[in-house]
Amino acid sequence: MWNSHSRLPCLYSGCPVTFKSQHGRTYHIRSIHANSNAHSDTGPRQDPSSVTPLHQNGLDYQDVPPYSSSGPSRKRIEHAHLTAVPCDLDGNFLPPGSTRQERTQRSNADWSPFDDRTQFMIADLLYRRVEMSASNIDLLMKLWLASLEDSGLDTSEPFECHQDLYAKIDSSPLGDVPWQCFITGFSEDLHMPVDAPSWKQTSYEVWYRDPDLAISAMLDNPDFEGHFDVRPYMELDEHGQRCWGDIMSANVSWKHCDEIFASNADAFGAMYCPIILGCDKTTVSVATGHVEYHPLYLSIGNIHNTVRCVHHNAIVPIAFLAIPKSDRRYDDDPEFRKFKRQLYHASLSTILRTLLPGMTKPAIRQCPDGHYRRIIYDLITFIADYPEQVMLTGIVQGWCPKCITFPIFSDNLEMPTIPRTRALTEELADFLDSKTLWNQYGIDDDIIPFTNDFPRADIHAMLSPDLLHQVIKGMFKDHLVTWVGEYLLREHGESKSRKILDEIDRRIAAVPAFSGLRRFPQGRRFKQWTGDDTKALMKVYLPSIVGFVPNEMVTCIATSLDVYYLVHRQNINEDSLKNLDLALIKFIDLREIFHVTGVRTAGFSLPRQHALVHYHSLIEHFGAPGGLCSSITESRHISAVKKPWRRSNRYHALGQMLMTNQCLDKLSAMHSDFVARGMLPAGHIPPQNISYIYQPNNDTSREDDDESNDENGGAVDEKNVLGHVVLARSPARRYPQSLEELSNVVNEPNLPYLTQIFLVDQLHLNDTSLPPITSKISVFHSAVATFFAPSDPSGIYGMRRERIHSTPSWQGKGPRCDCAFVVEDEAKPGMQGLNIVRVQLMFSFKYNNVEYPCSLVDWFTRVSTDNTTGIQRKAVVHLDAFLQAAHLILVYGSNPLPLHRLTDSYSLDTFKFFYVNKYIDHHAHEIAF
C-alpha cells in the first residue's frame, strides 16, 4: 500500500502526487504543471505532460498514488506513459478541460436516409425484428397502398417494395465497413497436371472487412461511453490486494505499454488499443449437407468485459475464412494438412495487414467520449478452442500450446514447464531437424504463425483461457460426467447401471425450481448438448450422484465446480487466486479415484485439463477469463452466421449473409446516431439480430395469478442501484383483506399472531400487549430482488434481477414457494451471517400510515457442516431482510424416488433435509464459498 507519511505534497490543488524531496517536487511542478502551447506539424512534437497531469519525470509510476477510484474503497494506479491525452484531428494534444469534438453537424430533425422516424422504425421492424422475407415485404406494401387508396388518403406506402427498403438501409454511410474478397489457392502454376487433387486446382475465396475500419467504427460508437478504459491500470481492492478484471487491468496491457513506450517516442500520450481476435468453426445445417463456415471475430480490450458479453457491436465478424475440402483419400495426406494450415495463417496475415501501420505510428481516431486520440494498436489475445489452438500455434495434436511438456507428463503439477514462445520455437528450429521438433517438442516446423508478421505478437502468449471448452464442456461434461457413467458400468454391469442412471435422472428432474434454471424434466436423455445445457447440469448434478459413487468422486466433482466458479468471477483478487491454486491441487489429487477404480487406466494426460495448470498466470496476464471465453464468439454465431444463413436462399449463401450483416450494422449505427442526437430514447430497443444490450424490463414487476413466467429475471441496465427486494407491482386477486380471513385461506391459523409479533419487533415495543392490525391486507405472488452480481449474466453495470415466487399455481402444475437468503448478522461473512427461509406467503399492510412489506416464512436450521438444512419454525419477516433467492436441493437418501417422477412443485414438501446449492449461480457461490 502507498504511504503518504513524511512526503511532500504537490502545491497544485487537486494533484495527489507526493515527493520524497524538495528537488523532486520542484521538478514535478516545472514539468507537469508548466504552461505550453500546442505544437505544429513543422516543429518538434509536443510533450503531452505539459498540458495534463501525468505520473512521470523522475517518479516511479508504480509508487505513485492512484488518481482515480473504480468503486467503493477501490483504487487505481494508471499507466504513466500511454495516457490517452485528447488531441485534435492533426494529432496536436489539447489542453485540459477542452470540449470534445461534435460527432455530427446534422440537425435533430434529420432522419436521413429515411424520410422520418416512422419510416426508420418500420424498416427496423421489418428487417431486424420480424426478419420478414422480400416477398412478404412486397405484399405488405401493396396491402398498405390499397388501404390508403380505399381510405382516400393522399399519401403513399413507406416503401415501394423490398428493394426500396434495402436500398434505403444500404445508402446510409454510418456503419459502412464494406466486405471485400481476395482469391487464393495452392499454386498459380498454369501448367498444373490435370490429375492433380481437386484441392490443388481449386481457388478459394476469403471474404473480409478492413479491421482498421472496423475498429474505427467501434471506437466511434457512443454506446460504449462509460464502459471504456483509455489507460491500462492496476486496481487494488479495499484490503490492498491486486485485482484482475477487464483486460486493461491485466499485466499484459501494462507490460506491452512499457514495451511500446520504450521503443517508440511517438507513443507518449497515445491511447493503447489492445485487439482481441476469435475464430471458431460453426455448422449451420447438418441435415442438408453439413454446411460449415469459419468466421473471424474482432473486439478491443478497452471495452469492459460486462459489455463485451452482452453488446453484440462489441465483437464483430471481420472475415469468413476458406475451408478447403477434398476427397476422403486425402484426409490424412500430410501435404493437404500442411496446405490447410498455411492457407489459414496466410489469410489471417493478409486480413490484418491494415493494422500494421497503427502498431508503430499512432493513428488519429475518435473515441466513445467524443474526443480524438492518438491510437496505438496491439494484437493481444486470440480466443480459440483446442483444435483451433493447434492450428494457430503449429503444435502437434495432444501437446500443450502454452508450454513444452510431454503429453504423458502433462498431469503432473510438480514438473517444471518451459513456456512456449516465438523466440524459443525459432531457436529450436535453427538447430534441430523436423523429426526431433515433432517428437521431442511437439512443433510442426512447416507452419509459420501469422503473428510473425506483427510487432509484439506471440501466438503462444496470445492464447487466452477458454472456460467453455476447457472447463464446462471439457473437464465437467466430457470427462467427469462421462467417467461417472463408465464407473457405474464397470461396477454394476449394464443392466443395473442403467437403472442407477434412470434414478439419477429422476433426481435431477425433481430439483426445485429457481429463477432462470434450465429444467431437465426427462433427466439428461437428449442427444445434442449445448454449453447452456452443460452449465445448467453443473448446478444440479452433484447431489444426484450421492450414494451411487464413492465419496471421493463426489468430492472430486465438487472441487472441480469450485475451480470453475472461482475462475469465472468477474473480479479476481489475490485471495481468489490462492483459493484457485488450493482447489486445483485438491482436484488433481482427488481425481485419482477414477484411476484406482479402473476408469482412467491411461492416466490424465488430457490437454483441456492440463490447461488449468496455466490459469493462475493467465488470469494475471489477461484478467478475468469470463471476458475472453469462446462462449462469446459462439453466441455471436447466431446473429452473424446462423440467422443470416436462414434468411438466405441457401444457394451461394455467403454473399447474401454478408449483405444481411452489412444492413444490420448500418441499422445499428443509425440507431446509435439517433440516440446520440436525442431523436430516440436511450432505452429504445436497438437494431440487432440478438439483443444489443440485455434489454431489461425495468418495471419493478408485474403480476399474474398463475405466475406462469419468470419475467424480470436476468440483467438490469441500471446504474448505481443499491441491492433491494420489492414486492410485485400489482397484488394478487381473490384474497380476503383481513388477517383472520387470510389465515383461513392459507391454512395458517397463527398468521395474525406471527404478524403482530413481527410488528412489535419493528416498532421496538417493550410492553406485552400486541398492536392490533386492522388495515387492508394485500397479497402478492412474487417479489423481485435486485443486486450486484457481475459474475452472472448481468447488465452493463453488473446489476442482476431475480424473482422470488410464492404462488399457489405455477404454470398450471402446482404451487411454487421459493427459498431466500435472509440476513441475520451483517457483521459476519458469507453464510455465517445468513440463514435460509422458504417463502410461504408475501403480503403487506399499513400501521400508523407506514407500509410494511413482509413474508410468512419457514425458517431452516443448519444440521451439518456441509450446508445441510432442515425446517425449524414459522415466522413473519420484513422483506428488507431478504438478500436474494436461494436454492435448496434435496438430500435424497438411500430410497429410490417414485417411478412416476416426483415433480419440482412438491419436492420441498416431500423431503426434510436439503443442501444449500452454492452452485446455482456465481453470486451464491461467492456468498457460500
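All values derive from a computational prediction rather than experimental measurement.

## As for the overall build of the protein chain
Alright, step 1. Counting its regular elements, the protein chain contains 26 helices and 31 strands.
Alright, step 2. A burial count over the protein chain gives 55% of its 929 residues as buried.
Alright, step 3. Excluding contacts between residues fewer than 6 apart, the proportion of contacts in the protein chain whose partners are at least 24 apart in sequence is 68%.

## A few points about the sheet that holds strand β5 (residues 179-185)
One key point about sheets: their strands pair by backbone hydrogen bonds, in either a parallel or an antiparallel sense.
Alright, step 1. Strand order in this open sheet of 7 strands is β5-β6-β13-β12-β9-β15-β14, and the pairing throughout is mixed. The open sheet has two free edges, formed respectively by β5 and β14 (363-366), since each of these has just one partner strand. Strand-to-strand, the axes of this sheet are offset by a mean angle of 35°, without reference to chain direction.
Alright, step 2. Pairing analysis gives 7 bridges linking β5 to strand β6 (residues 203-209), with the strands arranged antiparallel. In the strand pairing of β6, Phe-182 is matched with Val-206.

## Structural notes on a nonpolar patch on the surface
Alright, step 1. Together, Tyr-753, Ile-757 and Leu-770 line one region of the surface with nonpolar side chains, adding up to about 260 Å² of accessible area.
Alright, step 2. Among the secondary structure elements, Tyr-753 is positioned in helix α24 (residues 751-763).

## Quick look at the environment of Met-462
Alright, step 1. Within the fold, Met-462 resides in helix α13 (residues 459-462).
Alright, step 2. Placed 60 residues apart in sequence, Met-462 and Lys-402 show a C-alpha to C-alpha distance of 9.4 Å.
Alright, step 3. Aside from chain neighbours lying at most four places away, what touches Met-462 is Leu-379, Ile-380, Thr-381, Phe-382, Thr-451, Ala-457 and Phe-622.

## Digging into the packing of helix α21 (residues 630-647) against helix α22 (residues 653-676)
Alright, step 1. Remark: α21 packs on α22, axes separated minimally by 9 Å, with the N-to-C direction vectors making an angle of 115°. In the packing of α21 onto α22, the handedness of the crossing is right-handed. Together, Ser-639, Ala-640, Val-641, Pro-644, Trp-645 and Arg-647 of α21 and Ala-653, Met-657, Thr-660 and Asn-661 of α22 make up the contact between the two elements.
Alright, step 2. A breakdown of the residues in the contact of α21 with α22 according to their chemical character gives 6 nonpolar, 3 polar and 1 charged.

## Looking at the confidence of the model for the protein chain
Alright, step 1. The predicted model of the protein chain averages 82 in pLDDT, with 83% of residues at 70 or higher.
Alright, step 2. Scored below 50 in pLDDT, residues 1-6 shows 5 contacts in the model against residues more than four places distant or in partner chains.
Alright, step 3. Below a pLDDT of 50 lies the segment residues 684-712, which in the model reaches 124 contacts outside its immediate sequence neighbourhood of four places, other chains included.

## Brief notes about the packing of helix α2 (residues 117-129) against helix α4 (residues 162-170)
Alright, step 1. At their nearest, the axes of α2 and α4 sit 11 Å apart, and the two run at 110° to each other. In this view, α2 runs roughly perpendicular relative to α4, as classed from their interaxial angle. Where α2 approaches α4, its residues Gln-119, Ala-123, Leu-126 and Tyr-127 are matched on the opposing element by Leu-165, Tyr-166, Lys-168 and Ile-169.
Alright, step 2. Residues of the contact of α2 with α4, tallied by class, amount to 6 nonpolar, 1 polar and 1 charged.

## Overview of α21
Alright, step 1. Its 18 residues place the ends of α21 25 Å apart at the C-alpha level, agreeing with the 26 Å of an ideal helix rising 1.5 Å per residue.
Alright, step 2. Where α21 bends most, at His-637, the angle is about 40°.
Alright, step 3. Within α21, the full set of buried residues consists of Ser-630, Ile-632, Thr-633, Arg-636, His-637, Ser-639, Ala-640, Val-641, Pro-644 and Trp-645.

## Some details on the side chain of His-781
Alright, step 1. With respect to the helices and strands, His-781 occurs in the loop between β21 (778-780) and β22 (782-788).
Alright, step 2. For His-781, the side chain forms a polar contact with the side chain of Tyr-735, separated by 3.1 Å.

## Thoughts on the pairing of strand β25 (residues 819-823)
Alright, step 1. Judged by how many residues are buried, β25 sits mostly within the fold: 4 of 5 residues are covered.
Alright, step 2. Alignment of β25 against strand β26 (residues 834-847), held across 5 bridges, turns out to be antiparallel. Bridge pairing in β26 links Val-822 to Asn-835.
Alright, step 3. As paired strands, β25 and strand β29 (residues 882-886) are joined by 4 bridges and run antiparallel to one another. Within β29, the position partnered with Ala-820 by the bridge is Ala-885.

## Examining the nonpolar core
Alright, step 1. Residues Tyr-541, Phe-594, Ile-836 and Phe-882 are the most contacted members of the largest nonpolar core, which totals 101 residues.
Alright, step 2. Top element by residues in this core is helix α14 (residues 467-509). It accounts for 15 residues.
Alright, step 3. Here Phe-882 is in contact with Val-725, Ile-804, Ala-820, Phe-821, Val-822, Val-837, Val-839, Ser-855, Val-857 and Val-877, once residues within four sequence places are set aside.
Alright, step 4. Counting 53 residues, the second largest nonpolar core, distinct from the first, contains Tyr-208, Met-218, Leu-296 and Leu-298.

## Overview of the pattern of salt bridges
Oppositely charged side chains can form a pair if their charged atoms are brought close together.
Alright, step 1. Counted according to the given criterion, the structure contains 27 salt bridges.
Alright, step 2. Here Asp-212 makes a salt bridge to Arg-365, at a shortest N to O gap of 2.9 Å. Of this pair, Asp-212 sits in helix α6 (residues 211-219) while Arg-365 sits in strand β14, and the two are 153 residues apart along the sequence. Of the two residues, Asp-212 and Arg-365, neither departs from the other in class, the shared state being buried.

## Observations regarding the packing of aromatic side chains
Alright, step 1. All chains considered together, the criterion is met by 27 aromatic pairs.
Alright, step 2. Arranged with centres 5.8 Å apart and planes meeting at 45°, the rings of Trp-179 and Phe-320 form a pair that is tilted. Note that Trp-179 is positioned in strand β5 and Phe-320 in strand β13 (residues 316-320), a separation of 141 residues in sequence. Neither Trp-179 nor Phe-320 differs from the other in exposure class; each is buried.
Alright, step 3. Through a chain of ring-to-ring contacts, the aromatic side chains of Phe-186, Trp-199, Tyr-204, Phe-336 and Phe-339 assemble into a single cluster.
Alright, step 4. Note that Arg-76 overlies the ring of Tyr-233, its terminal NZ or CZ placed 3.7 Å from the centroid.
Alright, step 5. The positively charged end of Arg-647 is found above the aromatic ring belonging to Tyr-127, 4.3 Å away from the centroid.

## A closer look at helix α15 (residues 531-544)
Two residues of an α-helix separated by three or four positions point the same way, owing to the 3.6 residues in each turn.
Alright, step 1. Across its 14 residues, α15 extends 20 Å between first and last C-alpha, which sits within 8% of the 20 Å expected from 1.5 Å per residue.
Alright, step 2. Roughly 40° is the biggest bend found in α15, and it falls at Met-538.
Alright, step 3. Counted residue by residue, α15 has 11 buried out of 14 residues, so it is predominantly covered.
Alright, step 4. Among the residues of α15, Gly-531, Asp-533, Thr-534, Ala-536, Leu-537, Met-538, Val-540, Tyr-541, Leu-542, Pro-543 and Ser-544 are the ones counted as buried.
Alright, step 5. Where α15 is buried, its residues contact α14, α16 (551-567), β30 (888-890) and β31 (913-916).

## Remarks on unusual backbone geometry
Trans is the prevailing form of peptide bonds, just as negative phi is the prevailing case for residues other than glycine.
Alright, step 1. Looking along the chain, the bond that leaves Ser-112 and enters Pro-113 is cis, with omega of 10°.
Alright, step 2. As for its position among the elements, Pro-113 is in the loop between β4 (74-78) and α2.
Alright, step 3. Positive phi values are uncommon outside glycine, yet Ala-84 reaches one of about 55°.
Alright, step 4. Within the secondary structure layout, Ala-84 lies in the loop between β4 and α2.
Alright, step 5. Judged by its relative accessible area of 5%, Ala-84 is buried.
Alright, step 6. Positive phi is not limited to glycine here, since His-764 has a value of about 55°.
Alright, step 7. Relative to the helices and strands, His-764 resides in the loop between α24 and β21.

## With respect to the environment of Leu-618
Alright, step 1. Checked against the element boundaries, Leu-618 lands in helix α20 (residues 615-622).
Alright, step 2. Taking the C-alpha atoms as reference points, Leu-618 and Val-252, 366 residues apart in sequence, are found 9.6 Å from one another.

What counts, and at which threshold
- Residues numbered from 1 in each chain as written.
- Predicted model: local features only at pLDDT ≥ 70, side-chain atom pairs only at ≥ 80, totals over all residues.
- Heavy atoms only, no water.
- Helix = DSSP H or I, 4+ residues; strand = E, 2+ residues; numbered from the N terminus.
- Buried < 20%, exposed > 50% of the residue type's maximum accessible area, 1.4 Å probe, protein only.
- Contact = heavy atoms within 4.5 Å.
- Pairing = 2+ DSSP bridges.
- Axes fitted to C-alpha atoms, helices over the stretch in contact; angles between N-to-C directions.
- Patch = residues over 30% accessible without salt bridge, like charges linked within 9 Å, V, L, I, M, F, W, Y side chains within 5 Å.
- Areas by Shrake-Rupley, 256 points an atom, 1.4 Å probe, with all protein chains shown as cover.
- Salt bridge = Lys/Arg side-chain N within 4 Å of Asp/Glu carboxyl O.
- Left-handed = near helix turned anticlockwise from the far one by under 90°.
- Nonpolar A, V, L, I, M, F, W, Y, C, P; charged D, E, K, R; others polar.
- pLDDT = per-residue confidence, 0-100.
- Parallel < 35°, antiparallel > 145°, perpendicular 65-115°, else oblique.
- Expected span 1.5 Å × (residues − 1).
- Bend = angle between axes of the 7 residues up to and from the residue.
- Polar contact = N/O pair within 3.5 Å; in protein donor to acceptor, adjacent residues only side chain to side chain.
- Core = buried A, V, L, I, M, F, W, Y, C linked by side-chain atoms within 4.5 Å.
- Phe/Tyr/Trp six-rings, centres within 6.5 Å; stacked < 30°, edge-to-face > 60°.
- Lys NZ or Arg CZ within 6 Å of the ring centre and 35° of its normal.

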